[in-house]
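# Breakdown of the fold
One letter stands for each residue in the lines below.
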Amino acid sequence: MAFIIDGKKISAEIKEELRETVAALKEKGVSVCLAVIQVGDDPASSVYVGNKKKACAFIGIESRAFELPADISQEELMDLVGDLNADPSVDGILVQLPLPSHLNEKEVTRAISPEKDVDGFHPQNVGALSIGEEGFVSCTPAGIIQLLKRSGIEIEGKECVVVGRSNIVGKPMAMLLLRENGTVTVCHSRTKDLPKVCSRADILVAAIGKPRFFDDTYVKEGAAVIDVGIHRGDDGKLCGDVDFQKVKDKVSAITPVPGGVGPMTIAMLMYNCVEAAKRKTTS
Ligand code: GUN
């Protein structure tokens, strides 16, 4: 049976560290504030936003909520983002995605000041990551690096295979593994002989968005497996992209679903907010 990489425990550790950092910043007169914008009342988004607000409250970050009607215009949303960019009391701005279809997500994402882009979605931050400069990194892949490091899994010199090439997970994941001196392969829907390529991996990151897709034919003996997926299976249970039961006895370490990668995304969002506040003290 593999070592279970406990994302709940590691995310709790990070949040505890951040709570101490925020308390120390407060002593110096520095507060931390995250503006959270939600458009409409999509139930899944409401759960995510609620969890983000709860994490802020635990750490001592002020969360300023903007709950906007689903029919808000692009101009009104852009104006709000502009106001928050200009407001020195706001350190981070988060626009919960997806937005209703009449709104232009790309334009909104680009309107957020890169210095307040705690999601790490702005092209300036994406570019900074790819050329090794300082900037905000997308929270889920940043969280995966923390899971590996804090579980004692070395990345340097390892064969790392990332399955999925999204802008939010796959591509920044590849960049981060490269930054840690991994040897990185990115696979996608047109990759030929996916089981063969995945079986090369010392570290396999599964972010394909298909429930229980990866079985034991995709993993090398002793590999570390990171499962980014979260789905509701036919049996009503939550599951990931990896068939946990079929791979758990072949690999050396694996993230569970739930309780693996999921909790790390919010912990790293909180980390980015604290970084944004710290940077204002040095700039
Ligand atoms: N919707 C689902 N995940 C995310 C996320 O990480 N950030 C934002 N802004 N919206 C999301």
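Here, the structure is the one placed above.
What counts, and at which threshold
Residues numbered from 1 in each chain as written. Predicted model: local features only at pLDDT ≥ 70, side-chain atom pairs only at ≥ 80, totals over all residues. Heavy atoms only, no water. Disulfide = S-S within 2.5 Å. Axes fitted to C-alpha atoms, helices over the stretch in contact; angles between N-to-C directions. Helix = DSSP H or I, 4+ residues; strand = E, 2+ residues; numbered from the N terminus. Parallel < 35°, antiparallel > 145°, perpendicular 65-115°, else oblique. Contact = heavy atoms within 4.5 Å. Nonpolar A, V, L, I, M, F, W, Y, C, P; charged D, E, K, R; others polar. 1 Å grid on protein atoms, 1.4 Å probe; cavity = no way out; pocket = protein on both sides within 12 Å on 5 of 7 lines; lining within 4 Å. Points joined across faces, edges and corners; volume = space filled by probe spheres on them. Buried < 20%, exposed > 50% of the residue type's maximum accessible area, 1.4 Å probe, protein only. Core = buried A, V, L, I, M, F, W, Y, C linked by side-chain atoms within 4.5 Å. Near = heavy atom within 4 Å. Polar contact = N/O pair within 3.5 Å; in protein donor to acceptor, adjacent residues only side chain to side chain. Areas by Shrake-Rupley, 256 points an atom, 1.4 Å probe, with all protein chains shown as cover. Sits in = over half its atoms within 2 Å of the grid points.

## Observations concerning the state of the cysteines
Under the defined criterion, the tally for this structure stands at zero disulfides. Lacking any disulfide linkage, C33 is separated from the closest cysteine sulfur, that of C56, by 8.4 Å. C187 carries a free sulfur, and the closest cysteine sulfur to it, the one in C198, is 5.1 Å from it.

## Comments concerning the packing of helix α1 (residues 7–27) against helix α2 (residues 43–59)
Helix-helix packing is described using two parameters, namely the angle between the two axes and the distance between the axes. Where α1 contacts α2, the axes come no closer than 8 Å and their chain directions differ by 55 degrees. Between α1 and α2, the angle is such that the two are oblique. Between α1 and α2, the residues in contact are K15, E16, L18, R19 and V22 and A55, F58 and I59, respectively. A per-class count over the contact of α1 with α2 returns five nonpolar, no polar and three charged.

## Here's the deal with the layout of surface pockets
By volume, the largest pocket amounts to about 1,400 Å³. Lining the largest pocket we find 46 residues, and of these Y48, T140, I230, G262 and T265 sit closest to its centre. Looking at the lining of the largest pocket, the elements that each hand over two or more residues are α1, α2, α6 (139–150), β9 (231–232) and α10 (262–282). Tallied by class, residues from the lining of the largest pocket come to 23 nonpolar, 14 polar and nine charged. Size it by volume and the second largest pocket reaches roughly 450 Å³. Taken together, 20 residues form the lining of the second largest pocket, with T109, F121, V126, N167 and I168 sitting closest to its centre.

## Re the environment of S101
Relative to the helices and strands, S101 is located in the loop between β4 (92–95) and α4 (105–111). Judged by relative accessible area, which is 79%, S101 ranks as exposed. Between the C-alpha atoms of S101 and A267, which are 166 residues apart in sequence, the distance is 29 Å.

## Looking at the nonpolar core
Membership of the largest hydrophobic core comes to 51 residues, with the highest contact counts inside it found for L34, I61, L177, V205 and M270. It is α10 that contributes the most residues to this core, ten residues altogether. Excluding anything up to four places from it in sequence, M270 contacts L18, L34, K52, A55, C56, I59 and I61. Listed in part, the 18 residues of the second largest apolar core include V163, L194, V225 and V251.

## Re the site of the ligand
Residues in close proximity to the ligand include K52, V95, Q96, L97, D119 and F121, which together make up its full environment. V95 is positioned with one of its backbone polar atoms (N or O) 2.8 Å from a nitrogen atom of the ligand. Contact distances for the ligand include 2.8 Å between a nitrogen atom and a backbone N or O atom of L97. When the ligand sits alone it has 280 Å² of accessible area, and the protein chains cover 76% of it. The cavity that encloses the ligand is the largest pocket. Its residues assigned to classes, the shell around the ligand comprises three nonpolar, one polar and two charged.

## Structural notes on the environment of R64
Relative to the elements of secondary structure, R64 occurs in strand β3 (residues 62–68). Accessibility expressed as a relative area gives 24% for R64, which makes it partly exposed. Each C-alpha atom, one on R64 and one on I93, is 9.5 Å from the other, the two residues being 29 residues apart in sequence. Contact partners of R64, with chain neighbours within four places excluded, come to C33, L34, A35, V36, D87, S89 and V90. Within the local environment of R64, its side chain forms a polar contact with the side chain of D87, the two groups lying 3.4 Å apart.

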